[in-house]
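For reference, the chains in residue letters:
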Amino acid sequence: MIRLGYACISVKNKNNPNKKTTVAQINKLEPAARLKKLRQVMQTNFFNLMDLLAYNVEHQIFLYRLPSEFVPLATHPVTADWNWAEEFAWDFRKAGEYIRKHKIRVTAHSGHYSILNTDKPSVLQSTIDDFRYHARVFDLLGLDDNSVLVTHVGGVYEDRSAALDRFAANFEQLPTEVKRRLVVENDDVSFTMVEVLELCERIGVPMVLDIHHHKCLSNGEDWVEYLPRIIATWGNRTPKIHVSSPKSEDDFRAHADNIDPEEFLSYMTALSDYDLDVMLECKNKDDALLTLRRNLEKRGFKGEAL
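Please read these numbers as outputs of a predicted model, since none were measured by experiment.

**Some words on the overall build of the chain**
Counting its secondary structure elements, the chain contains 12 helices and eight strands. Since a compact globule built from 306 residues should have a radius of gyration of about 19 Å, the 19 Å found for the chain is in line with a globular shape. Taking the principal axes of the C-alpha coordinates as reference, the chain spans close to 55 × 45 × 40 Å. A burial count over the chain gives 52% of its 306 residues as buried. Of the contacts formed within the chain by residues at least 6 apart in sequence, a portion of 78% connects residues at least 24 apart. Accessible surface, the chain: about 14,100 Å² in total, of which carbon and sulfur atoms supply 49%. Each charge class in the chain can be summarised by its mean position, and for the 39 positive and 45 negative side chains these summaries are 7 Å apart.

**Details of the packing of helix 4 (residues 89–101) against helix 5 (residues 121–141)**
Across the interface, helix 4 lies against helix 5 with an axial gap of 7 Å and an inter-helix angle of 75°. Between helix 4 and helix 5, the angle is such that the two are roughly perpendicular. Side by side, helix 4 and helix 5 meet where Phe92, Arg93, Ala95, Gly96, Ile99 and Arg100 of the first sit next to Val137, Leu140 and Leu141 of the second. Taken together, the residues that form the contact of helix 4 with helix 5 break down as six nonpolar, one polar and two charged.

**Digging into the nonpolar core**
One finds Phe92, Phe264 and Leu280 to be the most contacted residues of the largest nonpolar core, which totals 84 residues. Contacts of phenylalanine 264, omitting those with residues within four sequence positions, involve Leu4, Val243, Ile259, Val278, Leu280, Leu292 and Leu296. Residues Val148, Val150, Val183 and Val208 belong to the second largest nonpolar core, which totals five residues.

**Let's talk about the sheet that holds strand 7 (residues 240–243)**
Strand order in the closed barrel made by the eight strands is 1-2-3-4-5-6-7-8, with parallel pairing throughout. Neighbour to neighbour, the strand axes of the sheet diverge by 30° on average, direction disregarded. Both strand 4 (residues 149–151) and strand 5 (residues 182–185) contribute to a ladder of three bridges, which runs parallel. What sits directly across from valine 150, in strand 5, is valine 183. The sheet contacts of helix 12 (residues 285–298) involve strand 1 (2–7) and strand 8 (276–280), and relative to strand 1 the element is tilted by about 155°.

**Side note on the pairing of strand 1**
Within strand 1, six of the six residues are buried, which leaves it mostly tucked inside the rest of the structure. Neither face of strand 1 is open: one carries Ile2, Leu4 and Tyr6, the other Arg3, Gly5 and Ala7, and all of them are buried. Bridge analysis of strand 1 against strand 8 gives four bridges, and the strand direction is parallel. Residue pairing in the sheet places isoleucine 2 in a bridge with leucine 276 of strand 8. For strand 1 and strand 2 (residues 63–65), the ladder comprises two bridges, and the chain directions are parallel. Of the residues in strand 2, the one forming a bridge with tyrosine 6 is tyrosine 64.

**A word on the pattern of salt bridges**
Scanning all chains against the criterion turns up 18 salt bridges. For the salt bridge of arginine 180 with aspartate 145, the shortest nitrogen-to-oxygen distance reads 2.4 Å. Of this pair, arginine 180 sits in the loop between helix 7 (176–179) and strand 5 while aspartate 145 sits in the loop between helix 5 and strand 4, and the two are 35 residues apart along the sequence. In this structure arginine 180 comes out as partly exposed when scored by relative accessible area, which is 31%. What makes aspartate 145 partly exposed here is its relative accessible area of 29%. Among the charged side chains, a salt-bridge network with shared partners connects Asp139, Asp145, Arg180 and Arg181.

**So, the state of the cysteines**
In this structure the tally under the stated criterion is zero disulfides. Considering cysteine sulfurs only, cysteine 282 is the nearest to cysteine 8, which forms no disulfide, with 12 Å between them. Free of any disulfide, cysteine 200 has its nearest cysteine sulfur in cysteine 216, 19 Å distant.

**Notes on the environment of arginine 299**
One can find arginine 299 in the segment after helix 12. Between the C-alpha atoms of arginine 299 and alanine 168, which are 131 residues apart in sequence, the distance is 44 Å. Those residues in contact with arginine 299, other than ones at most four positions away along the chain, are Pro261, Glu262 and Leu265. Here the side chain of arginine 299 touches asparagine 295 through a polar contact of 2.9 Å, landing on its backbone oxygen.

The rules we used
Residues numbered from 1 in each chain as written. Predicted model: local features only at pLDDT ≥ 70, side-chain atom pairs only at ≥ 80, totals over all residues. Heavy atoms only, no water. Helix = DSSP H or I, 4+ residues; strand = E, 2+ residues; numbered from the N terminus. Rg over C-alpha atoms; globule rule 2.2 N^0.38 Å. Buried < 20%, exposed > 50% of the residue type's maximum accessible area, 1.4 Å probe, protein only. Contact = heavy atoms within 4.5 Å. Areas by Shrake-Rupley, 256 points an atom, 1.4 Å probe, with all protein chains shown as cover. Lys, Arg positive; Asp, Glu negative; His and termini not counted. Charge placed at Lys NZ, Arg CZ, Asp CG, Glu CD. Axes fitted to C-alpha atoms, helices over the stretch in contact; angles between N-to-C directions. Parallel < 35°, antiparallel > 145°, perpendicular 65-115°, else oblique. Nonpolar A, V, L, I, M, F, W, Y, C, P; charged D, E, K, R; others polar. Core = buried A, V, L, I, M, F, W, Y, C linked by side-chain atoms within 4.5 Å. Pairing = 2+ DSSP bridges. Salt bridge = Lys/Arg side-chain N within 4 Å of Asp/Glu carboxyl O. Disulfide = S-S within 2.5 Å. Polar contact = N/O pair within 3.5 Å; in protein donor to acceptor, adjacent residues only side chain to side chain.

Quick look at the structure:
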């Protein structure tokens, strides 16, 4: 069975759980007003999350990426005195119950500034803090190990081998609750599918295959030949891959608004041998998913499998 999902923001349902505030805005407020503002944003995000999850269930979408900013400024010093986990324990519990009841897989993707193979101690610490935050959200929701946090390897730093070794060494510094959720995705500019696969096998974590990224950066390897090894890194968990279409030949790395159905169909022979989840990364989010589903149904693919 192949399940489709989308990331963070719905274009059909305007209640999106990614309301934000900024450090500059918070710093203008007195302590009491500051907490009030943070709580308002957080409560809005929970309200919108429940609305969006219900919308997803209604449309049989059971894979969803939670926005990293769900808890406003969660890892910034400006919120150090705010015990958001305790204040919103009831909301986390209720949201988790709904997610588990409807068998929704919720995942996350770390931000661009979280770089585990950094050579700067301050960046490493902020990365660990970010990873710990994501793991804590999933733990508060009571979600199993299929709720993973996706990250990239990071920078090359003029020495590919050393950069990969540093990722492996820094991975060992992560708290246990982060290690159980962290998965690594191949990117489109730095590390190839094969390099990431070998790293994941080395440190014992799942690999997220991004087919579009592989097309942007590879040494000509056929991803289909490597798919069994990639799937094996997931063990008993459900594998997850990313699919997107290029915006154009001239802007190949950028994501298109929608998924090319013919391109997706070309993947189906290899993918249909497995039970896996496919995160669609495209500008039109859920609308692109529903459009792709309709196009695939016209070609004979029906039901919850898509």
